[in-house]
Amino acid sequence: MEPFQVLPRKTELSPGHTEFLDRQFRTREDLITRAPLLLTDLTNSFTDSEANLINLQRNLTKPMVSWISCFFRAKSSLANLNHMLENLSLRSSLQGIPSRKNCKILGEELPQLEKCLKRIENIRKYMDTALQLEALVGDLEDAAYTTGNQNSRNMFSRNLLTPLITTDFEAKQERLIRAIKVMNNIEDVLVDVDKIHPQWSHLLESVDVRVDKALAVVRPQILADHRALLASLGWPPKLSAAEANIVDITSIPNPLVLMEGDKRKFYSQSFSGLCALQHMQRRREYRKTNFGQKECIMRLWAIDELVSPIASRMEYHFSKWVEQPEFMFALVYKITRDFIVGVDDVLQPLIDKGRLVSLSAREAWVSTMVQMLSGFLSKTVVSVLAKQYRERDIKPEVISSWIHLIDHATAFDKRMRLLVSSEIHYFVEEVENDDGLARVMSVLSMFCDRPDWLKIWAKIELKDAWKKLKVEVKDERTWLIDEKSGVLCDIGANPGQFWLASREDYKAPLVAEHVIKITWEMIERCQTLPAVLPRIRFIRSSAGKFIWHFLSVLVWHDKNIELILDYPYDSLIKKCGSINAARYVESKLQQWGDDVKFLEMTIAESNSDINGNDDGANNNSFFWEEILSLSQLETNLVMDIITAVLHHFEALSSGYLENKNYFEYFGSNSVTGAVSANIVEALDGIRSQLNILKLNLNPKDLLDLWRGVADGVDRYISSSISNNGIQFSSEGINQFEADMQALLLVFQPFCARPEAFFPGIKETLKLLKMSEKDIQFVTAKGVQQAKCLNSFGIVNLTPLQVDKILMNRIFVS
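Residues numbered from 1 in each chain as written. Predicted model: local features only at pLDDT ≥ 70, side-chain atom pairs only at ≥ 80, totals over all residues. Heavy atoms only, no water.

**Side note on the overall build of the protein chain**
Part 1 of the argument: The helix and strand tally for the protein chain stands at 26 helices and zero strands.
Part 2 of the argument: Residues counted as buried form 44% of the 813 residues belonging to the protein chain.
Part 3 of the argument: In the protein chain, of all internal contacts separated by at least 6 residues, the share reaching a separation of at least 24 is 77%.
Part 4 of the argument: Approximately 44,100 Å² of the protein chain is accessible, and the part contributed by carbon and sulfur atoms is 54%. (Helix = DSSP H or I, 4+ residues; strand = E, 2+ residues; numbered from the N terminus. Buried < 20%, exposed > 50% of the residue type's maximum accessible area, 1.4 Å probe, protein only. Contact = heavy atoms within 4.5 Å. Areas by Shrake-Rupley, 256 points an atom, 1.4 Å probe, with all protein chains shown as cover.)

Given below as structure tokens:
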């Protein structure tokens with residue numbers, strides 16, 4: 001009994017001591033089994049506390065010496081100030097004139113005194129802040145090193161938690177919460193110092209160094225405790241059933257949903273503590289970047305701790321599916337979907353309770369799983385395919401494997417986004433990196449960091465697209481125009497009828513539809529790329545170049561067409577097919593360019609100047625260069641048709657307009673109102689050609705074409721009459737008018753007033769019908785002839801043409 005004589009009596013113990021002993025020693029057997037373990041813990045705790053006390057005393061010595069030195073300097077400054085105040089005298093002389101001493105005091109000594117007082121005040125503020133931070137950092141180091149010295153390797157097990165382990169865990173959580181609170185208090189002070197006193201940079205740096213050291217102790221220990229707790233909960237679940245067949249995986253039990261009692265309580269505390277620690281760490285990083293970082297968190301440490309052990313188990317299965325990536329995507333999707341309910345029900349309330357604004361457990365879970373898979377594919381699959389692609393002999397299997405991988409990756413990204421977007425609030429996690437690129441949830445994010453892989457991907461897509469188009473181009477049936485398609489350009493048509501939308505409306509051949517389909521497929525495949533600039537580069541290198549290739553195909557196809565305007569009009573129809581195809585592709589590109597996504601890419605490309613020039617800076621369409629080139633090609637093809645039609649008309653009507661005396665001799669035997677035989681064939685030819693164009697050419701280009709033909713015919717006839725010196729009698733004028741009415745009837749199906757598109761012919765008839773008196777009046781005006789002609793409605797013909805026409809007017813006396 002002798003050793004127990006040193007122990008105090010029960011009445012001398014405090015209530016806290018009594019409660020502690022009762023909790024640890026409930027039975028006599030506990031006294032024998034627990035006493036050594038408790039004694040060891042108490043001894044270690046006492047030793048640690050004693051070491052912390054010695055460390056704190058050592059740390060306080062230097063600030064105290066510095067404070068004493070500052071104190072003596074302040075005391076000396078106050079003594080000098082007192083001496084100056086004793087000698088200060090503001091009395092003026094008897095005559096009221098201030099003395100030289102007073103002027104010196106007011107002009108020199110008082111400003112110096114003010115500066116001295118401000119310096120003393122700054123020193124006082126600095127000392128107060130330094131002492132406040134020293135106390136807070138001391139509390140942090142005390143909590144941090146106490147937490148770090150605890151042995152928690154075997155704190156959690158798959159068995160039930162013992163009361164002693166429960167006590168240790170709760171104590172560690174309390175110390176963690178205290179440490180986080182102290183760090184937040186330190187951060188509050190440092191934020192004020194950084195904003196109000198940025199010149200105290202050395203104080204900020206010294207505090208940050210000590211806080212970083214404390215964090216280097218706290219964070220690994222907290223993560224180790226959290227991982228041990230997860231292991232005791234049975235996390236991660238077994239994936240052995242996945243080896244046989246991905247489709248047949250049964251429902252995997254979710255430990256997050258199954259945990260109960262103390263385990264659920266401890267996990268909630270550990271999760272909340274880890275989130276609070278990350279939030280505090282992010283506050284510090286936000287301050288260090290001068291408050292310039294974007295207000296968002298991409299990943300949660302607690303979610304990473306859930307994914308990391310799952311990833312290590314998944315890699316075993318992934319290594320067997322390198323050539324079957326669809327199994328990888330299926331497994332990741334199933335695990336993510338099966339556990340998302342537990343993430344929502346268990347983790348989201350903890351995040352909401354911690355008031356972590358704009359954070360979603362579901363999004364963090366899905367995003368981390370996607371990034372895990374993206375990292376594995378980048379290391380083991382894409383890198384191998386890229387290396388094989390760079391070899392001289394490119395195997396078709398490499399291209400097919402690459403396309404196969406991208407197909408499943410884009411489908412996987414869409415499915416994973418559906419898991420996230422099923423929430424009421426959709427929060428896209430993103431953070432700006434050094435290149436200014438946005439990072440979001442996508443397996444294809446690996447291409448954002450590897451431009452060389454992005455380039456290979458674009459080349460493969462372009463080769464595959466060109467391979468598909470070659471098959472269609474070689475088939476002559478794809479260049480044919482469907483006779484049942486399109487709209488007719490009739491007089492009095494409803495304006496809404498000319499609103500073109502589909503391929504049939506544009507009368508485009510089937511090859512144009514194939515081009516649009518292939519191009520859009522390439523554009524859609526990169527839509528899940530998480531950054532705008534890589535998406536722009538991909539589209540420019542794949543879909544954009546594909547459009548240029550198709551433009552070359554149209555040029556090549558047009559060169560092989562010899563435009564012959566004799567029956568049948570096969571060459572003319574083929575020309576129309578090329579124009580319609582170019583017009584349809586152009587309209588689709590313009591339609592895509594008006595979409596918000598393409599407008600955003602246009603602005604981003606203009607700001608970043610990817611192509612190294614600003615030529616397209618003022619163009620609001622993403623495909624403005626392609627649209628411009630297609631439009632120029634359409635214009636050239638239309639002009640080719642107009643030129644051919646006019647040459648054909650000129651060849652058939654040359655005898656009609658080259659006979660100077662044809663309109664001079666018309667007697668009473670002439671048939672009144674009959675069309676001249678020399679021009680019937682020309683009019684019939686142009687009518688047939690315009691009808692063919694009307695059936696096979698899209699309404700937009702048809703409008704430009706028939707107007708161009710009308711303008712060419714008008715210029716040709718009016719200039720021929722003035723230049724060929726054709727003589728006109730009164731009967732000849734009537735015949736010429738009848739012939740021109742027949743010409744207007746040819747264009748009657750295209751407009752209500754065709755005479756408006758033949759101003760030269762109309763004014764020629766006006767001149768020919770003028771009386772002899774009016775002709776003399778016009779020709780006698782000289783320099784005033786132009787104004788006189790305007791009064792008669794002659795505005796398109798030049799005075800020289802007018803003189804030639806009037807000179808050939810014959811009047812019979």
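**Observations regarding the nonpolar core**
Part 1 of the argument: Ranked by size, the top nonpolar core spans 205 residues in total, and within it W365, F447, I717 and F736 carry the most contacts.
Part 2 of the argument: Among the elements that line this core, the one with the most residues is helix α10 (residues 361-390), at 15 residues.
Part 3 of the argument: In contact with I717, other than residues within four places in its own chain, are F649, L657, F736, M740, L743 and I761. (Core = buried A, V, L, I, M, F, W, Y, C linked by side-chain atoms within 4.5 Å.)

**Things to note about a nonpolar patch on the surface**
Part 1 of the argument: A cluster of nonpolar side chains, contributed by L53, L56, L60 and M64, occupies part of the molecular surface with about 340 Å² of accessible area.
Part 2 of the argument: Structurally, L60 can be placed in helix α2 (residues 28-86). (Patch = residues over 30% accessible without salt bridge, like charges linked within 9 Å, V, L, I, M, F, W, Y side chains within 5 Å. Salt bridge = Lys/Arg side-chain N within 4 Å of Asp/Glu carboxyl O.)

**Some details on the packing of helix α5 (residues 201-232) against helix α7 (residues 261-288)**
Part 1 of the argument: Between α5 and α7, the least distance of the axes is 10 Å, while the angle of their chain directions is 150°. Our classification of the angle between α5 and α7 gives roughly antiparallel. Helix-helix and strand crossings are classified by hand; for α5 and α7 the assignment is left-handed. Here D208, V211, D212, L215, R219, I222, L223, H226, L229, L230 and S232 of α5 lie close against α7, whose contacting residues are K263, F266, Y267, S270, F271, L274, L277, M280, Q281, R284, R287 and K288.
Part 2 of the argument: Taken together, the residues of the contact of α5 with α7 sort by class into 12 nonpolar, four polar and seven charged. (Axes fitted to C-alpha atoms, helices over the stretch in contact; angles between N-to-C directions. Parallel < 35°, antiparallel > 145°, perpendicular 65-115°, else oblique. Left-handed = near helix turned anticlockwise from the far one by under 90°. Nonpolar A, V, L, I, M, F, W, Y, C, P; charged D, E, K, R; others polar.)

**What about the environment of Q632?**
Part 1 of the argument: Counting through the fold element by element, Q632 comes out in helix α19 (residues 624-658).
Part 2 of the argument: It is 9.8 Å that separates the C-alpha atoms of Q632 and A582, two residues lying 50 residues apart in sequence.

**Section: the packing of aromatic side chains**
Part 1 of the argument: With the rule as written, the count across this model stands at 28 aromatic pairs.
Part 2 of the argument: An angle of 45° between the planes, with centres 5.2 Å apart, marks the rings of F329 and F412 as tilted. In this pair, F329 is assigned in helix α9 (residues 325-353) and F412 in helix α11 (residues 396-421), connecting sequence segments 83 residues apart.
Part 3 of the argument: The exposure class of F329 is buried, given its relative accessible area of 4%.
Part 4 of the argument: Between W457 and F538 the ring centres are 4.2 Å apart and the planes differ by 40°, which places this aromatic pair in the tilted class. Taken together, the positions of W457 in helix α13 (residues 451-474) and F538 in helix α16 (residues 532-559) put the pair 81 residues apart, joining distant regions of the chain.
Part 5 of the argument: Given the relative accessible area of 0%, W457 is considered buried. (Phe/Tyr/Trp six-rings, centres within 6.5 Å; stacked < 30°, edge-to-face > 60°.)

**Side note on unusual backbone geometry**
Part 1 of the argument: Residue P236 is reached from W235 by a cis peptide bond, and omega for that bond is 5°.
Part 2 of the argument: In the Ramachandran plot, K507 falls in the positive-phi region, its phi being about 55° despite a non-glycine side chain.
Part 3 of the argument: Its place among the elements puts K507 in the loop between α14 (503-506) and α15 (510-525).
Part 4 of the argument: When its relative accessible area of 1% is taken as the criterion, K507 is described as buried.

**Digging into the packing of α7 against helix α8 (residues 301-318)**
Part 1 of the argument: One way to put it is that α7 packs onto α8 with a least axis distance of 8 Å and a crossing angle of 120°. It follows that α7 is oblique to α8 by the angle criterion. Here Y267, F271, L274, C275, L277, Q278 and Q281 of α7 lie close against α8, whose contacting residues are W301, A302, I303, E305 and L306.
Part 2 of the argument: Residue composition of the contact of α7 with α8, grouped by class: nine nonpolar, two polar and one charged.

**Some points on the environment of V346**
Part 1 of the argument: Position of V346 among the secondary structure elements: in helix α9.
Part 2 of the argument: With sequence-adjacent residues up to four places away left out, V346 is seen in contact with L256, M259 and R264.

**Structural notes on the confidence of the model for the protein chain**
Part 1 of the argument: A residue-level look at the protein chain finds 80% of positions with pLDDT of 70 or above and a mean pLDDT of 80.
Part 2 of the argument: Predicted confidence for residues 241-249 stays below pLDDT 50, and this span has 13 contacts to residues more than four positions away or in other chains.
Part 3 of the argument: Note on residues 486-498: pLDDT is under 50 here. Beyond four places in sequence and across chains, it has 21 contacts. (pLDDT = per-residue confidence, 0-100.)

**What to know about the pattern of salt bridges**
Between side chains of opposite charge, pairing is possible as soon as their charged atoms come close.
Part 1 of the argument: In this structure the tally under the stated criterion is 35 salt bridges.
Part 2 of the argument: Among the salt bridges present, the one from R284 reaches D212, with a minimum N-O distance of 2.9 Å. You can see R284 sitting in helix α7 and its partner D212 sitting in helix α5, a full 72 residues away along the chain.
Part 3 of the argument: On the basis of relative accessibility, which here comes to 2%, the residue R284 falls in the buried class.
Part 4 of the argument: The class for D212 is partly exposed, based on a relative accessible area of 32%.
Part 5 of the argument: Measuring nitrogen to oxygen at the nearest pair gives 3.7 Å for the salt bridge that ties K288 to D212. Here D212 lies in helix α5 and K288 lies in helix α7, a separation of 76 residues in the sequence.
Part 6 of the argument: Overall, the relative accessible area of 42% leaves K288 in the partly exposed class.
Part 7 of the argument: Salt bridges here are not isolated pairs; linked through shared partners, they connect E187, D208, D212, R284, R287 and K288.

**Details of α15**
Part 1 of the argument: Between its first and last C-alpha, α15 extends 23 Å over 16 residues, near the 22 Å set by a 1.5 Å rise per residue.
Part 2 of the argument: Those residues of α15 not exposed but buried are V511, A512, V515, I516, I518, T519, M522, I523 and R525.
Part 3 of the argument: Contacts made by the buried residues of α15 are with α11, α13, α16, α17 (570-593) and α18 (596-608). (Expected span 1.5 Å × (residues − 1).)

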